[in-house]
Amino acid sequence: MGHEAMSRSILVISRAAVGPRMASPGIRAYQIAGALARALPGARVTLARPAGQEAVAPPEPTVRIVDYRSNAELVRLAARHDVAIARNFPPHFIPLMGRTLLAFDGYTPLLIEWLEMAERDFVRCRRVWTASNRWYVNLQLTMADYIFCADERQRDHWIGMLVALALLPSEVYERDPSVRSLVGVVPFGVPAKPLAPNGPAMRGVVPGIGAQDRILLWHGTVTDWNDPVTAIEAVHRLGKRRSDLRLVFMGVDHPDYAFGPNAGKLREAIARARELGVEGRSVFFLPGWVPYDAIDSYLAEADAGICLGYETVESRFAFRTRYVDAFRARVPLVCTRGDVLAERVERDPLGVAVPERDVEAVMAAIERVLDDADFVAECRRNLAAIAEELSWDRVIAPLAEFCARGRTNAAPLGKRRRDAVVRAGVYYLLKKLNRSAPPR
Amino acid sequence: MSAPGIRASAQAQVLAEHVPGAQVTLAGQNADASGPPGAPYRVVAWTSKNIVRLVADHDIIVSSGLPPQIAPFFFQKRFVADLFSQYAMEWMEVGLQHYRGFGRRAWVERTRAWLSMQLTAADFVICNNERQRDSYLGTMLSLGIVSNRAFAADRTLRRLIDAAPHGIRRELPDWSAPRVLRGVHPGFREEDTILIWNGGIIQWYDPGTLLEALRRLGREDIKLLFLGASYPGIGDLGKGPRFQDAKAIAAANGQLNRTVFFEEGWVSHDDAARYVMEADIGVCTYWDNLETRYAHRTRFLDLIWAERPFICTHGDILAEEVERRGWGIVVPQQDPEALARAIAKLADDKAFWEHCRRNLAAARAELQWEVTQRPLIEFCRDGWEPVSPKAERFPGLVQRIAAYLGRRAVYVWATKP
């Protein structure tokens, strides 16, 4: 690596909260900034976050944290860096194309998640909203000098989109027939630091959870594509023959307000738990949001992790970032089949993967991860192995290489710039149209 | 018949057998089209003249390339696009081989326009494996084919696009059939271990590494046969530069017609089976690139059918199965040492060879065409409403047919000799 590569300036942009309380997009930006600083010791790494949040220690002492108040301010900041990394770039970044390298973090299949969310109340005209999203994502790919995502399936999906948008011309393929220099894989990593619990969090603290109870931890939010009700039903039915089960939904107030207690799925779950009379007895919804540095205390008390969803196209392309915490804590998992990590859960094994909406299977899986000591020991060994495989310092390599290389292998700039202007224009029009649509 | 013809015939067969009351027509490109005796389907040759008539006469049209002429029937008929390769990558490789400069760009743009047209016209898409499906789903998302209604109708989108992999021959290998190599072909002795490369040596294959591995092994009792240099219809595809390179390397190494043999004529589908059965080990080497990532190497299916353990390069989806299910050995690209070790292992370790053979035999049931083509059978049998509404797709289809015709014209003009 030459001197130039080592002294590069890199801006990691978080569009989501980065602070004492953060959800996966913020955590990812925070960890990427830290891992890049370690991988490229001479580089200047800046982490930009939306203003108005509490102070947080930088992921590495050399990483500078900067607050931004507007997109215009963000663009000015990015212009002073060689590389800018973000989950999405507003159209304001178009003038930067060809000056600052733009690395697009496609670790969630945005369009599919937004198709799920299109049912929600804030969407006025579903079809227009979906169309505007499509043009927005197409714009991201057009602006991107590098694309990285969490796994190979997501990579196939982004490559398919590049094909549709004429962003995979023969020049790109000829320079690198693996196309890894344009679309790479950076999974959601596992922090290297061992679990550091800081006193009791649930047992003896939350009324109703005793020292001898077995805790199933739903660690993370309840999204539109989760299925908490099947978990509640299973715990309710198991509760008829054992009294030690405690299903805990850890933190129900999402820091980015995307999914709160009033959002559909969680509301449904709370209602069902009340109906069954299990709320506060075997099912617990902890209010608030657990601070990032306090999660360890919860993980340390968990006997198993649980997260259920559906076997849909959303799960096919999802990388369930919350599982990564379970890997670090060596907590075996009960999860629904269909996503890429559930395949590992089943194959390695790291726990038990169950078919969707199958209460009986969930009941059997819960008993297995709680009571089968040999199986749990095997899972723990495998969890340690995958935690090592997914350590941030390992998974960051392709992105660090791109930053060090400092040049793009994307389609020719001129055409991309023209297409970006057109795509941004259509996006604005559709967005405006959606705003002016009558509320549903 | 090469792979596409084999696939279409097998689809016609299983549709005729499993869709009650269906009248199935297999329309081929060759003028002398005829099916096997007693086939439960009709065979016709299609031309640009009768294609419209043929479409008009049927309810469901399945094709690996829906022509623009279907547009007038878009609302009356059901269309299935059988995209059994990731064409964006496969044809990229073809383009790199045949064209330069503007012609190459025009070719790639033509491919893209063609794919957009297929994905928009199709009421149901099938492909060969999950990776192809994931990438095509990405393309469909960008094109707006996965609308809110489509998504609401089927959250898995399996009724919009699904994987229907290539199957294997239905009949069991007839081990009593007369031999074609040992004792017949002068180069092959009774005690030899025979490696077979059963398929063409196309642009994206790497026979050089294989020849180098054999040279390093330096064993007279290990023979390699390249089978299938010619492709019906596209005769020169198999005798391109890679084939010539392979022959030149074999000649320079002194291997040609001593330990390495080239069968240059086209071997019929039935005869190919006998060559494969007589071989001990299958082998195919290529590059670990994006073409490989999405490829479904149909030649491996004959090896599975004949229970021949095989060696292949990493990166392919079937190579993953080879590794996971113990069908043979997977080697890194361009690694003659690893390849030599793999060949020696399969040639000398009879217990390992037998173990692989048993694992291959275990896959026979799941690779029957009526199993692999279940999504297609169900679409034709159950007649569900297209997941992506036709009315939503129509404006896009008109635009994409026009784009395709334009891109094709540019390509034809740009590559005129």
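Residues numbered from 1 in each chain as written. Chains lettered and ligands numbered in written order. Predicted model: local features only at pLDDT ≥ 70, side-chain atom pairs only at ≥ 80, totals over all residues. Heavy atoms only, no water.

Participant: Would you mind showing me how to read the interface of chain B and chain A here?
Facilitator: Interfaces are often sized by the amount of accessible area the parts lose when they come together. In this assembly, 39 residues from chain B lie in contact with 38 residues from chain A. Between chain B and chain A the total buried area reaches about 3300 Å² when both faces are included, carbon and sulfur atoms providing 59% of it. It is L141(B), S142(B) and N148(B) in chain B that bury the most area against chain A; as a group they hold 20% of the surface buried on that side. Counting across the interface, chain B meets chain A through six salt bridges. Of the charged contacts, one joins E174(A) and R104(B) as a salt bridge, the two residues approaching to 2.9 Å between their closest N and O atoms. (Contact = heavy atoms within 4.5 Å. Buried area = accessible area lost by both parts, 1.4 Å probe. Salt bridge = Lys/Arg side-chain N within 4 Å of Asp/Glu carboxyl O.)

Participant: Whenever I open this one, the state of the cysteines confuses me. Can you help?
Facilitator: What makes a disulfide is a covalent bond joining the sulfur atoms belonging to two cysteines. What the rule picks out here adds up to zero disulfides over all chains. Its sulfur unpaired, C379(A) is 11 Å from the next cysteine sulfur, which belongs to C335(A). (Disulfide = S-S within 2.5 Å.)

Participant: Where do I start with the nonpolar core in this structure?
Facilitator: A general tendency of soluble globular proteins is for nonpolar side chains to be buried together. In terms of nonpolar packing, the biggest core is built from 172 residues, with F93(A), L224(B) and I311(B) touching the most fellow members. Leaving out residues up to four positions away in the same chain, L224(B) has contacts with L195(B), W197(B), L210(B), L211(B), L214(B), T259(B), V260(B), F261(B) and V283(B). Counting 107 residues, the second largest nonpolar core, distinct from the first, contains V12(A), Y107(A), C335(A) and V340(A). (Core = buried A, V, L, I, M, F, W, Y, C linked by side-chain atoms within 4.5 Å. Buried < 20%, exposed > 50% of the residue type's maximum accessible area, 1.4 Å probe, protein only.)

Participant: Is there a simple way to explain the pairing of strand β4 (residues 78-83) of chain B in this structure?
Facilitator: Moving residue by residue along a regular strand, the side chains alternate between the two faces of the sheet. Residue and element names in this part refer to chain B. The buried count for β4 comes to five of six residues, which makes it a mostly enclosed element. Strand direction decides the pairing type here: strand β3 (residues 60-63) and β4, joined by four bridges, are parallel. Pairing of S63 across the sheet is with A81, part of β4. The sheet contact formed by β4 and strand β5 (residues 124-127) spans four bridges and is parallel. The partner of L83 across the bridge, within β5, is C127. (Helix = DSSP H or I, 4+ residues; strand = E, 2+ residues; numbered from the N terminus. Pairing = 2+ DSSP bridges.)

Participant: I would appreciate a short explanation of helix α8 (residues 241-252) of chain B in the present structure.
Facilitator: A turn of α-helix holds 3.6 residues, and therefore any two residues three or four places apart point the same way. Residue and element names in this part refer to chain B. Along its twelve residues, α8 runs 16 Å from first to last C-alpha, staying within 8% of the 16 Å computed at 1.5 Å per residue. What α8 keeps buried is the set F243, A246 and A250. Angularly, the buried residues of α8 cover 60° about the axis, an arc narrow enough to put them on a single face. For α8, the secondary structure elements touched by its buried residues are α7 (207-217) and β9 (260-263). Looking one or two residues past α8, G254 carries a phi angle of roughly 70°, positive in sign. (Expected span 1.5 Å × (residues − 1). Arc of directions from axis to C-beta.)

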